[in-house]
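Secondary and tertiary structure notes
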Amino acid sequence: MQIKRRVSLATIYLGGVLICLWQTATAQVIDWSSQEGKSRLILAESKQDFFQLAPHFEGQENKVFCGVASMTIIANALRVDADNTKIPQDSRLISKEESAYFPKGVSPLFHRYSQASILASSTLTKSQLLGKPKTTQFTGQLGMQLEELEALAQSLNFKTSKTHVDTKQLANTEYLSGVKQHLISALQQQRAYIIANYARASLKQKGAGHFSPIVAYHHDSDSFLIMDVSNTYQNWVWVNSQALLKAMATMDVNKNRGFVIVEEPS
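Presented here is an overview of the structure given in this document. None of the values given here were measured: they were computed from a predicted structure. (Residues numbered from 1 in each chain as written. Predicted model: local features only at pLDDT ≥ 70, side-chain atom pairs only at ≥ 80, totals over all residues. Heavy atoms only, no water.)

Regarding the packing of aromatic side chains
By the definition in use, this model includes six aromatic pairs. Taking the centre distance of 6.0 Å and the plane angle of 80 degrees together, the rings of Phe 50 and Trp 236 count as edge-to-face. Residue Phe 50 is found in helix α2 (residues 48-53), and its partner Trp 236 is found in the loop between β8 (223-226) and β9 (237-240); the two are separated by 186 residues along the sequence. Each member of the pair, Phe 50 together with Trp 236, is buried. (Phe/Tyr/Trp six-rings, centres within 6.5 Å; stacked < 30°, edge-to-face > 60°. Helix = DSSP H or I, 4+ residues; strand = E, 2+ residues; numbered from the N terminus. Buried < 20%, exposed > 50% of the residue type's maximum accessible area, 1.4 Å probe, protein only.)

Structure below.
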C-alpha cells in the first residue's frame with residue numbers, strides 16, 4: 001500500500017484501486033478521543049494545562065452550572081494539596097448521622113471546592129443561576145455571563161484577565177492572530193488557566209451559551225482543546241481557532257462572549 005497526501009486530501013492506492021479520503025483534520029470540531037484527536041494531544045506544543053486540570057475534572061451538576069464547574073476545576077487545580085485546610089469542606093456531601101461514625105475530631109470530607117461551596121463567597125447564588133431574578137442588569141437570565149464568571153473568580157481572590165471577542169474584528173487577521181496568541185501565551189504560563197465562553201450553535205453543537213476550560217493548542221491543525229464540562233452529552237473536542245473565536249464573538253445579553261484567564265495573584 002502506498003499513501004500520498006495533498007493538503008487535506010489523502011490518495012490511497014489499494015490493490016490497484018484509487019481511493020480518496022477527506023481527512024478529519026479539515027473539520028472544525030474533532031473528538032479528542034478519535035485517532036486524529038489523540039494524535040493532536042500527543043503532538044501539541046502547549047498542553048501542560050490538560051495534565052494539570054484533568055485530575056480535578058468534574059462534569060457540571062446541572063444544565064446551567066458550566067461556569068461553576070469550570071471554576072471549581074481550576075480552583076482545585078490551583079489550591080488543593082495535602083496541607084491546604086483553608087478550602088471549606090462541603091458539609092452537604094455527608095449527613096450528620098453519617099459523619100458521627102467517624103472518630104471524634106476526624107472529618108470524612110476533603111478540603112476541596114465543590115460546585116456548591118465555590119459559590120459561598122460570591123454575590124451570585126445558586127437560585128439566581130437557576131433563573132431567580134437578579135439585582136443586576138442581567139435580571140431573569142439563566143446561568144451567568146462572562147463578567148459574572150470573572151466576579152466569581154475574584155470573590156475567591158484570584159487574579160483575572162477578561163477578553164470579549166469583537167464580532168466586527170473577525171475579518172481582521174491581525175486582530176484574530178493577537179487574540180489567538182493571547183490564548184497560546186496563557187496556556188504556556190505556569191498555573192494560569194483559561195475558561196472560554198462561547199455559543200455552541202456556532203460550532204454546530206446542541207445547546208446555547210457555554211463555559212469550559214481551554215487546555216491545549218496544536219499548531220499544525222491550528223486548534224484548541226476544550227475540556228467540555230457537559231460530559232453527559234458532549235465530549236472534549238479540538239476546535240479550529242477561527243471557529244472558536246467566531247463562537248466567542250457572539251452576543252450574550254448585552255456583551256460578546258470571550259474568555260477569562262484565572263491565576264493566583266503574585
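Here we look at the sheet that holds strand β5 (residues 159-164)
Sheet strands line up and pair through hydrogen bonds in the backbone, either parallel or antiparallel. Pairing within the open sheet is antiparallel, and its seven strands lie in the order β4-β9-β8-β7-β6-β12-β5. Each end of this open sheet is capped by a strand with a single partner; those strands are β4 (29-31) and β5. Adjacent strand axes in the sheet meet at a mean angle of 30 degrees, parallel and antiparallel pairs treated alike. Inspection of the sheet shows strand β6 (residues 192-199) paired to strand β12 (residues 258-263) by five bridges, in the antiparallel sense. Among the inter-strand pairings, Ile 194 is bridged to a residue of β12, identified as Ile 261. Its contacts with the sheet place helix α7 (residues 173-188) against β5, β6, β7 (209-218), β8 and β12, and it is angled at close to 80 degrees to β7. (Pairing = 2+ DSSP bridges. Axes fitted to C-alpha atoms, helices over the stretch in contact; angles between N-to-C directions. Contact = heavy atoms within 4.5 Å.)

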